[in-house]
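Descriptive analysis of the structure
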Amino acid sequence: MSEQKKISENRFGKKIITDIPEEAPLAHTPGHKLRTSNKIVDRVAISLDEIAMSPKDLLQPDELTIDAETTQEVAYGDQKGIIRGVTEEKSIPNQFTGPSYRNKKEKYRFDGHKMLYHLERIQQWQAGEKFAPIHIDMGLTKFCNEACIYCYAVVQNMTKGDLIERDALLRFIEDCGKLGVKSLGFIGDGEPTLNPALYDATVLAGELGIDTAMATNGLALDMDRAHDLLKNMTWIRFNLSAGTEEGFLRVHQTQKKHFQPLMEKIRELVRIRNENGYKCTIGLQMVLIPECYDQVIPEAELGKELGVDYFVIKHCSDSEYKEIGIDYKDYETVYDVLHAAEAMSTDDYVVQAKWEKIGAGRETALYKDGYRKYDVCYGTPFLLQISGNGKIYPCGPFFNKERFYIGDLHEDSFYDLVKGEHYWNVHQDVVNSVDVHKDCAIGCRQDYVNKFLWDLKNPPEHINFI
Ligand code: SF4
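So, here is what we can say about the structure in this document. What you see is a predicted model; the values in this text were computed from it and never measured.

Things to note about the overall build of the protein
- Summing up its helical and strand segments, the protein has 15 helices and 16 strands in all.
- Across the 466 residues of the protein, 36% fall into the buried class.
- Here the analysis covers contacts within the protein between residues at least 6 apart in sequence; of these, 67% occur between residues at least 24 apart.

Here's the deal with the site of the ligand
- Every one of the 13 residues lining the ligand counts as a neighbour, but Cys-377, Cys-395, Cys-440, Cys-444 and Gln-446 are closest to it.
- Residues of the shell around the ligand, tallied by class, amount to ten nonpolar, three polar and no charged.

A short note on the sheet that holds strand β7 (residues 211–216)
- Strand order in the open sheet formed by ten strands is β11-β10-β9-β8-β7-β6-β5-β14-β15-β16, and the pairing between neighbours is mixed. The sheet terminates laterally at β11 (350–353) and β16 (407–408), the two strands that pair on one side only.
- Where β7 lies against strand β8 (residues 233–239), five bridges are found, and the strand directions are parallel. From the neighbouring strand, Ala-213 faces β8, where its bridge partner is Trp-235.

Remarks on the environment of Val-376
- With respect to the element layout, Val-376 can be found in the loop between β13 (371–372) and β14 (383–386).
- On the basis of neighbour counts, which here come to 17 C-beta atoms within 10 Å, the residue Val-376 falls in the partly exposed class.
- For the pair Val-376 and His-437, spaced 61 residues apart in sequence, the C-alpha to C-alpha distance is 9.2 Å.

So, unusual backbone geometry
- Residues other than glycine seldom take positive phi values, yet Gln-253 does so here, at roughly 50°.
- With respect to the secondary-structure elements, Gln-253 resides in the loop between α8 (245–252) and α9 (259–276).
- In this structure Gln-253 comes out as exposed when scored by C-beta crowding, with 12 C-beta atoms within 10 Å.
- In this structure, Asn-400 takes a positive phi of about 75° despite not being glycine.
- The residue Asn-400 is located in the loop between β15 (391–393) and β16 in this model.

A word on the packing of helix α5 (residues 166–179) against helix α6 (residues 198–207)
- Between α5 and α6, the least distance of the axes is 10 Å, while the angle of their chain directions is 15°. Here α5 lies roughly parallel to α6, going by the angle between them. For the pair α5 and α6, the crossing hand works out as right-handed. Packed against α5, whose contacting residues are Leu-169, Leu-170 and Ile-173, the element α6 presents Asp-200, Ala-201, Leu-204 and Ala-205 at the interface.
- Of the residues belonging to the contact of α5 with α6, the class tally is six nonpolar, no polar and one charged.

Some details on the nonpolar core
- The biggest cluster of nonpolar side chains holds 95 residues, and the ones touching the most others in it are Leu-184 and Leu-288.
- Setting aside residues no more than four positions away along its own chain, Leu-288 makes contact with Ile-313, Lys-314, His-315, Cys-316, Tyr-331 and Ile-358.

Some remarks on the pairing of β14
- The alternating pattern of β14 places Leu-383 and Gln-385 and Leu-384 and Ile-386 on opposite faces, both of which are buried.
- Two strands pair when backbone bridges link them, and strand β5 (residues 135–138) and β14 are joined in this way by four bridges, in the parallel orientation. Across the sheet, residue Met-138 finds its bridge partner in β14, namely Ile-386.
- The sheet contact formed by β14 and β15 spans two bridges and is antiparallel. Residue pairing across strands places Ile-386 opposite Ile-392, the latter belonging to β15.
- Connecting β14 to the antiparallel partner β15 that follows it, the hairpin turn spans four residues, and Gly-390 within it adopts a positive phi of roughly 95°.

Comments concerning α6
- Listed in full, the buried residues belonging to α6 are Leu-198, Ala-201, Thr-202 and Ala-205. What you see down the axis of α6 is that its buried residues fit within an arc of 100°, all on one side.
- The secondary structure elements touched by the buried residues of α6 are α5, β6 (183–186), β7, α7 (226–232) and β8.
- A positive phi of about 80° marks Gly-209, the residue just after α6.

Things to note about the packing of helix α10 (residues 296–306) against helix α11 (residues 335–342)
- Their axes nearest at 9 Å, the elements α10 and α11 cross at an angle of 10°. In terms of their interaxial angle, α10 and α11 are classed as roughly parallel. Across the interface between the two elements, Val-296, Ile-297 and Ala-300 from α10 touch Val-337, Leu-338, Ala-340 and Ala-341 from α11.
- A breakdown of the residues in the contact of α10 with α11 according to their chemical character gives seven nonpolar, no polar and no charged.

Here's the deal with the environment of Ile-297
- Summarising the element assignment, Ile-297 is placed in helix α10.
- By the C-beta count within 10 Å, which is 16 here, Ile-297 ends up partly exposed.
- The sequence separation of Ile-297 and Leu-338 amounts to 41 residues, and the corresponding C-alpha distance is 8.1 Å.
- Dropping the residues within four chain positions of it, Ile-297 is found in contact with Val-337, Ala-340 and Ala-341.

Some thoughts on the pairing of strand β9 (residues 281–287)
- When you tally the buried positions in β9, you get five out of seven residues, the bulk of the element.
- The pairing of β8 with β9 spans five bridges and is classified as parallel. Note that in β9 the partner of Ile-236 across the bridge is Ile-282.
- Looking at chain direction, β9 and strand β10 (residues 310–314) are connected through five bridges and run parallel. Its bridge partner lying in β10, Leu-284 is registered against Phe-311.
- Note on the crossover from β9 through α10 to β10: the handedness is right-handed.

Rules and cut-offs
- Residues numbered from 1 in each chain as written.
- Predicted model: local features only at pLDDT ≥ 70, side-chain atom pairs only at ≥ 80, totals over all residues.
- Helix = DSSP H or I, 4+ residues; strand = E, 2+ residues; numbered from the N terminus.
- Buried ≥ 20, exposed ≤ 12 C-beta atoms within 10 Å, placed from the backbone.
- Contact = placed C-beta atoms within 7 Å.
- Near = placed C-beta within 6 Å.
- Nonpolar A, V, L, I, M, F, W, Y, C, P; charged D, E, K, R; others polar.
- Pairing = 2+ DSSP bridges.
- Axes fitted to C-alpha atoms, helices over the stretch in contact; angles between N-to-C directions.
- Parallel < 35°, antiparallel > 145°, perpendicular 65-115°, else oblique.
- Left-handed = near helix turned anticlockwise from the far one by under 90°.
- Core = buried A, V, L, I, M, F, W, Y, C linked by C-beta atoms within 7 Å.
- Arc of directions from axis to C-beta.
- Right-handed = clockwise from strand over helix to strand, strands pointing away.

What follows is the structure in structure tokens.
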């Protein structure tokens with residue numbers, strides 16, 4: 001294709017393509033074609049990067065290197081202007097809209113929300129109707145087989161032996177199906193694989209059309225049920241904040257000897273997924289604390305080697321009393337490490353830091369100097385959280401705060417709770433009485449959703465001038 005390209009200079013002396021080769025592939029979404037009848041081709045396929053690799057007599061690669069972080073002042077006659085760098089790989093991912101020519105698709109949107117895809121629930125909320133949560137995060141147990149030094153569940157009162165009994169769990173999932181809950185995340189205070197009902201609950205949810213996912217340390221994952229999980233779960237995430245045996249021991253406070261078998265398990269899960277064409281996404285997640293700063297790059301490398309789909313690095317949530325002692329300013333000392341890890345992403349492997357929350361000590365779309373950019377928590381009816389003992393609260397940081405207790409899956413029908421009054425009174429109590437700047441844990445799960453709903457509730461002037 002490159003032989004047919006005609007290269008010219010534009011008025012600023014830059015190399016440009018003036019001839020579109022016949023065989024250039026059509027763009028995947030040639031929307032403009034409808035209006036212009038022009039042929040819209042895939043610009044990436046005829047990009048300057050590709051030209052740079054064409055025969056030397058056409059162009060020298062050096063001539064084409066434009067640094068995206070620099071600008072170049074140009075003059076033409078009496079006009080002055082600026083050319084911005086256009087290097088594709090340095091473009092900033094667009095967090096809140098779909099992909100465009102300049103912004104690569106953000107595959108998972110780890111650092112944001114997906115409320116725009118659930119406008120019917122938002123309309124129900126605006127109309128003051130009762131509605132089912134879009135998503136529920138829930139523990140299946142209240143205990144764990146690791147003792148990670150950052151564990152938020154410790155401030156949620158871990159209680160050895162407490163779990164959601166099988167019958168109560170399956171009844172709850174049936175209620176979710178009846179109510180129209182869209183997804184369940186077995187992500188909670190305890191380790192979900194320590195509840196033997198996990199696997200049947202996942203299969204039942206799949207039969208009822210409810211999406212499921214799980215965050216696990218993986219140590220007790222029953223590989224005999226791997227097919228059931230991979231067939232039914234949308235994603236499985238391994239809580240792993242280390243890329244080496246030493247780091248594993250230091251951060252997760254378990255035994256070194258568990259590290260390699262865990263890696264084998266992840267590899268095997270990826271293999272089974274790939275060989276059977278299951279859609280389940282498999283990833284790793286690090287909770288960032290100073291003790292694992294040196295593990296970021298090793299884990300980014302490890303994830304690639306294991307063949308997982310992503311490695312995400314998140315902030316460490318702290319309680320409203322700062323019981324874990326996270327200093328968000330300290331994260332700034334490893335921003336360069338996080339950027340270096342992100343640069344290890346490929347088309348098949350995403351490495352991403354959750355900057356909106358990691359940067360809470362500075363300013364992000366959600367935070368400024370450690371304070372939220374919203375004053376009221378409206379998000380809990382959309383994204384509910386249930387403790388691993390079956391007790392329901394509006395959110396994880398409020399587990400055990402009896403004022404906000406909604407019910408117990410062992411005693412109450414979730415369907416009846418959502419249709420009843422008490423459930424909604426508790427959510428309203430959160431809206432009316434909680435000071436999110438003082439009463440709440442930094443970086444809570446509902447943050448992104450809360451900010452979106454706050455903006456919706458507090459429009460600027462002149463909204464019709466869109
Ligand atoms: S803002 Fe506060 S009340 Fe709302 S979900 Fe977060 S921690 Fe819970």
